[in-house]
Amino acid sequence: MATAVTTLLQELDERHAAIEAGIGEIEEHCSRDLPDLVELAAVRVRLSRASTERSRFVREVVVPKILEQADPALLGELSQMIKAFSAKRVASSKHVAAWSSWTIQQNWYGYKEASRAIREMMRAQIERERKTLRTRLEERGL
């Protein structure tokens, strides 16, 4: 949770940065000819945790705070963002379930392609949050 010193905006930026760092680590692994399954598993867990923590923070802290002063246009935008957010969480969960260490080892190139799609989805979500949430937090000095 945000402290008296850390604004919601700063905390959101930090959470986005953690996810982007994890995405970068996954990309580095995917640039290799062969997987390091132990290292990759650790990176995937960290990225998953960072994404889950960001999701919870947005859902439980940021969106309710923004809703306190939301106009009807923003309500619609937030509603669309949350729907897309939920769909992306489902896709991400399916990806994690489908790509165990064993399946990654059996189909490294298939994993790399599936991972690319998930990374693109995650980046798009971060950009959407920056556009929708970050702007509102800045406007409100939160």
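Residues numbered from 1 in each chain as written. Predicted model: local features only at pLDDT ≥ 70, side-chain atom pairs only at ≥ 80, totals over all residues. Heavy atoms only, no water.

J.: An account of the layout of surface pockets is needed here, citing residue identities and associated values.
T.: Taken as a whole, the largest pocket encloses approximately 270 Å³ of empty space. In terms of lining residues, the largest pocket is bounded by 18 residues, among which Arg44, Leu47, Ser48, His95 and Val96 are the most central. Tallying contributions element by element places helix H2 (residues 37-67) first for the lining of the largest pocket, with six residues. Residue composition of the lining of the largest pocket, by class: eight nonpolar, seven polar and three charged. (1 Å grid on protein atoms, 1.4 Å probe; cavity = no way out; pocket = protein on both sides within 12 Å on 5 of 7 lines; lining within 4 Å. Points joined across faces, edges and corners; volume = space filled by probe spheres on them. Helix = DSSP H or I, 4+ residues; strand = E, 2+ residues; numbered from the N terminus. Nonpolar A, V, L, I, M, F, W, Y, C, P; charged D, E, K, R; others polar.)

J.: Tell me about the packing of aromatic side chains, residues and numbers included.
T.: In this structure the tally under the stated criterion is two aromatic pairs. Here the aromatic rings of Trp99 and Tyr111 are separated by 5.7 Å at their centres, their planes lie at 70°, and the arrangement is edge-to-face. Highlighted residues: Trp99 in the loop between helix H3 (72-98) and helix H4 (101-106) and Tyr111 in helix H5 (residues 108-140), separated in sequence by twelve residues. For Trp99, a relative accessible area of 14% puts it in the buried group. Each ring, one from Trp108 and one from Tyr111, has its centre 5.8 Å from the other, and the planes form 15°; the classification is stacked. (Phe/Tyr/Trp six-rings, centres within 6.5 Å; stacked < 30°, edge-to-face > 60°. Buried < 20%, exposed > 50% of the residue type's maximum accessible area, 1.4 Å probe, protein only.)

J.: Provide a residue-level description of the side chain of Ser92, including the pertinent values.
T.: Topologically, Ser92 is positioned in helix H3. If we ignore the near neighbours within four places in the chain, the residues touching Ser92 are Ile118 and Met121. (Contact = heavy atoms within 4.5 Å.)

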